[in-house]
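Examination of the molecular architecture
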Amino acid sequence: MAKLNENFSKLKKNYLFVEISKRIKAYSESHPEEAKRLIRMGIGDVTRPLAPAVVDAMKKAADEMGVKETFRGYDDLGVGYDFLRNAISDYYKSFGAEVSADEIRVSDGAKSDCGNIVDIFGAGNTVLVTDPAYPVYVDSNIMNGNEVIFADSTEENGFAAMPDSNIKADLIYLCSPNNPTGSVYNKAQLKEWVDYALANNAVIIYDAAYEAFITEADIPRSIYCVEGAKKCAIEICSLSKTAGFTGTRCGYTVVPNELIQKDIAGNDVKLADIWQRRQGSKFNGVSYPVQRAAEAVFSPEGQKQCRENIAYYQENARVIAATCDKLGIKYTGGVNSPYIWLKCPNGMGSWDFFDKLLTEIQVVGTPGAGFGKNGDGWFRLTAFGTHEATKEAMERLENLLK
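What counts and how
- Residues numbered from 1 in each chain as written.
- Predicted model: local features only at pLDDT ≥ 70, side-chain atom pairs only at ≥ 80, totals over all residues.
- Heavy atoms only, no water.
- Salt bridge = Lys/Arg side-chain N within 4 Å of Asp/Glu carboxyl O.
- Helix = DSSP H or I, 4+ residues; strand = E, 2+ residues; numbered from the N terminus.
- Buried < 20%, exposed > 50% of the residue type's maximum accessible area, 1.4 Å probe, protein only.
- Phe/Tyr/Trp six-rings, centres within 6.5 Å; stacked < 30°, edge-to-face > 60°.
- Lys NZ or Arg CZ within 6 Å of the ring centre and 35° of its normal.
- Polar contact = N/O pair within 3.5 Å; in protein donor to acceptor, adjacent residues only side chain to side chain.
- Contact = heavy atoms within 4.5 Å.
- Pairing = 2+ DSSP bridges.
- Axes fitted to C-alpha atoms, helices over the stretch in contact; angles between N-to-C directions.
- Core = buried A, V, L, I, M, F, W, Y, C linked by side-chain atoms within 4.5 Å.
- Left-handed = near helix turned anticlockwise from the far one by under 90°.
- Nonpolar A, V, L, I, M, F, W, Y, C, P; charged D, E, K, R; others polar.

1. Concerning the pattern of salt bridges
Taken as a whole and judged by the stated rule, the model has 22 salt bridges. With a closest N to O distance of 3.9 Å, D90 and K93 form a salt bridge. On the criterion of helical spacing, the pair formed by D90 and K93 is a turn pair, its members being three residues apart in helix α4 (residues 82-94). The class of D90 is partly exposed, set by a relative accessible area of 48%. Bridged by salt links that share partners, the residues E19, R23 and D355 form one connected network.

Spelled out as C-alpha cells, the structure:
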C-alpha cells in the first residue's frame, strides 16, 4: 500500500476560496434572481485586459513559434531567457535595488514559488508567519512537516508585526504590501527584520507581489533596498497584479548569490544553486511567448500602459476607502495596495459579515478569519473590479449600514 503524506491531514478541510465558492454556489442555487446581482470583490483577480504592448509581443512570439528558423523548444535551464532576466534586473535598478540577471529565476507565478521554495529547506524548520497571512505560506509548510509559529499583526500595530528577539525562527515569511491587510513596511521596519534574520541565521521569504501598487516614496519596492538583505532574503514577485498576468502566468524569484547557509556537514551552500537544481528537476520553464510578453511589461511603453491599469484599480481603492470613511469604518490598505482591510461593523465575525453582504446586498468579499486568528472580525475587499461595479457595491454597502 502506498504511504501518504500524513501532513495533509493537518490542513484545514477547505482552502479559503473553495469555501467561499461553495457558499456562493449554495446561495445562487437557492436565490437565482438575486444571484444575478452579484458583485465579486473577494478573490484578487484582475479584470483589465493585458496592455497592448504585451499582447503585441505575445502575438509576435507566437508567430515566431510557427517558423522553423525562430522556433523555440525548451528554455535550456528552465530559469528564464536572458532577455527577460535582463529586463527584470533593469527594472530593479529603476527603484534603487541592485539585482543581477543571474540571481533571477523566471517562474509561472508567485503563488507557485511561495509554496515550492519550501522544497530547498529540510523538514522540521521553525517557520515564522505573520498573522493574518496568505494561506499558501502556512499550508505549504504544514505539508512539508515544518512547525509554523505566528507573529501577531493586529489593529494595534497597524497589521505590521515586528520581530521578537525572544522567538527563534529558521524561515520567515513577510509580505509587503501585505495580502490581505494592505499594510506596508517602511525601510526602518524592514531593517529590523533583516537584522533579526541575520542575528538568527534565518532566511526571509519576501513576497513582493504587490510592489507595483506602492505610491509612497518612503516605502521600499524591494527588500533589497535594505542593507544586508541579500545575505538573508529570497524575494518572490509576480506579474499577475503588476501587469494582469493572472491568466497568463509569469513571475520571478530572486535568490542572491550572497545568500549562503550551512548543510548538515557544515559546508557552505549557495541557496541559488539548490533553487536552480530544484527548478531544473521539477520545472521546464515558462513558455517563450509568455516570456516575450513579460519582457514587454518592462519596456517604456509597457510600463506606461501597465501603470494606467494600476491607476484604474487605485481609483477603485479610493472609492472603497472613501465609503469606509463616510461610514466610520476602520480600515487599512488602499494607498499602497489594491486591498481594503476593514473592521466588520457592530462587532460582527468575519463569516457573519460575509453572509450578510452576500444575502442582503449580493456583494462578495473575503472573510478575514480565513487568513488567521487575527483576521477574525475583519474583512477584505479588492479593488480589481470595474469602476461601475465598485461604485454600485459601495452604494449598496452605504445603504445597508448607514
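2. Section: the packing of aromatic side chains
Two aromatic rings, taken as a pair, are described by how far apart their centres are and by the angle between their planes. One pass over the structure, following the stated rule, counts 21 aromatic pairs. Taken together through their ring pairs, the aromatic side chains of Y210, F213, Y312, Y313, Y339 and F384 make up a single cluster. For the cation-ring pair, R48 lies above Y312, with the distance from its terminal atom to the ring centre recorded as 4.1 Å. Its guanidinium or amino end placed over the ring of F83, R292 lies 3.6 Å from that ring's centre, counting from NZ or CZ.

3. What to know about the side chain of N7
Checked against the element boundaries, N7 lands in the segment before α1 (16-30). Under the relative-accessibility criterion, N7 is labelled buried at 15%. From its side chain, N7 meets the backbone oxygen of M143 in a polar contact 3.2 Å long. The contacts of N7, once residues within four sequence positions are left out, are I142, M143, N144 and G145.

4. Here's the deal with the sheet that holds strand β8 (residues 251-254)
Sheet architecture is open: seven strands sit in the order β2-β8-β7-β6-β5-β3-β4, paired in mixed fashion. The open sheet has two free edges, formed respectively by β2 (104-107) and β4 (147-152), since each of these has just one partner strand. Between one strand axis and the next, the sheet turns through 20° on average, direction left out of account. The pairing of strand β3 (residues 126-131) with strand β5 (residues 171-175) spans three bridges and is classified as parallel. Bridge pairing links L128 to I172 in β5. Those strands touched by helix α7 (residues 187-200) are β3, β5 and β6 (203-207), and its axis lies near 170° from that of β5.

5. Examining the nonpolar core
One finds I172, I204, I234 and F245 to be the most contacted residues of the largest nonpolar core, which totals 95 residues. Of all hydrophobic cores here, the second largest spans 34 residues; its members include Y27, I320, L358 and V364.

6. Here's the deal with the sheet that holds strand β11 (residues 331-333)
Neighbouring strands of a sheet are bound in pairs by backbone hydrogen bonds; such pairs are parallel or else antiparallel. Reading across from one edge, β11-β12-β15-β14 is the order of the four strands in this open sheet, with antiparallel pairing throughout. Of all the strands in the sheet, just β11 and β14 (366-367) have a single pairing partner and so form its edges. Across three bridges, β11 lies against strand β12 (residues 339-343) in antiparallel orientation. Within the sheet, the bridge partner assigned to T332 lies in β12 and is W341.

7. Observations regarding the pairing of β12
Among the five residues in β12, four count as buried, and that is most of the element. The pairing of β12 with strand β15 (residues 378-382) spans five bridges and is antiparallel. Within β15, the residue paired with W341 across the bridge is R380.

8. A few points about the pairing of strand β7 (residues 233-238)
Burial analysis of β7 places six of its six residues in the buried class, which makes it a mostly covered element. Of the two faces of β7, the one lined by A233, E235 and C237 and the one lined by I234, I236 and S238 are each fully buried. Taken together, the four bridges between β6 and β7 define a ladder with parallel strand orientation. Its bridge partner being in β7, I204 is matched across the sheet by A233.

9. Some details on the packing of α1 against helix α12 (residues 350-361)
It is at 11 Å that the axes of α1 and α12 come closest, and there the two elements cross at 35°. Between α1 and α12 lies a crossing of right-handed hand. Judged by residue contacts, L16, E19, I20, R23, I24 and Y27 of α1 engage W351, F354, D355, L358 and T359 from α12. Residues that form the contact of α1 with α12 fall into these classes: seven nonpolar, one polar and three charged.

10. Describing the environment of K230
With respect to the helices and strands, the residue K230 is situated in the loop between β6 and β7. In this structure the C-alpha to C-alpha distance between K230 and V99, which are 131 residues apart in sequence, comes to 9.1 Å. Excluding residues that lie within four positions of it along the chain, K230 makes contacts with E98, V99, E103, Y224, P256, E258 and L259. Polar side-chain contacts of K230 include one of 3.0 Å to the backbone oxygen of E98. One polar contact links K230 to E103, side chain to side chain, over a distance of 2.9 Å.

11. Points about unusual backbone geometry
With an omega of -5°, the peptide bond running from S176 to P177 counts as cis. Counting through the fold element by element, P177 comes out in the loop between β5 and α7. Cis geometry marks the peptide bond from N179 to P180, where omega comes out at 25°. Here P180 shows up in the loop between β5 and α7. You will see that R249, though not glycine, has its phi angle at about 70°, which is positive. With respect to the element layout, R249 can be found in the loop between α8 (239-243) and β8.

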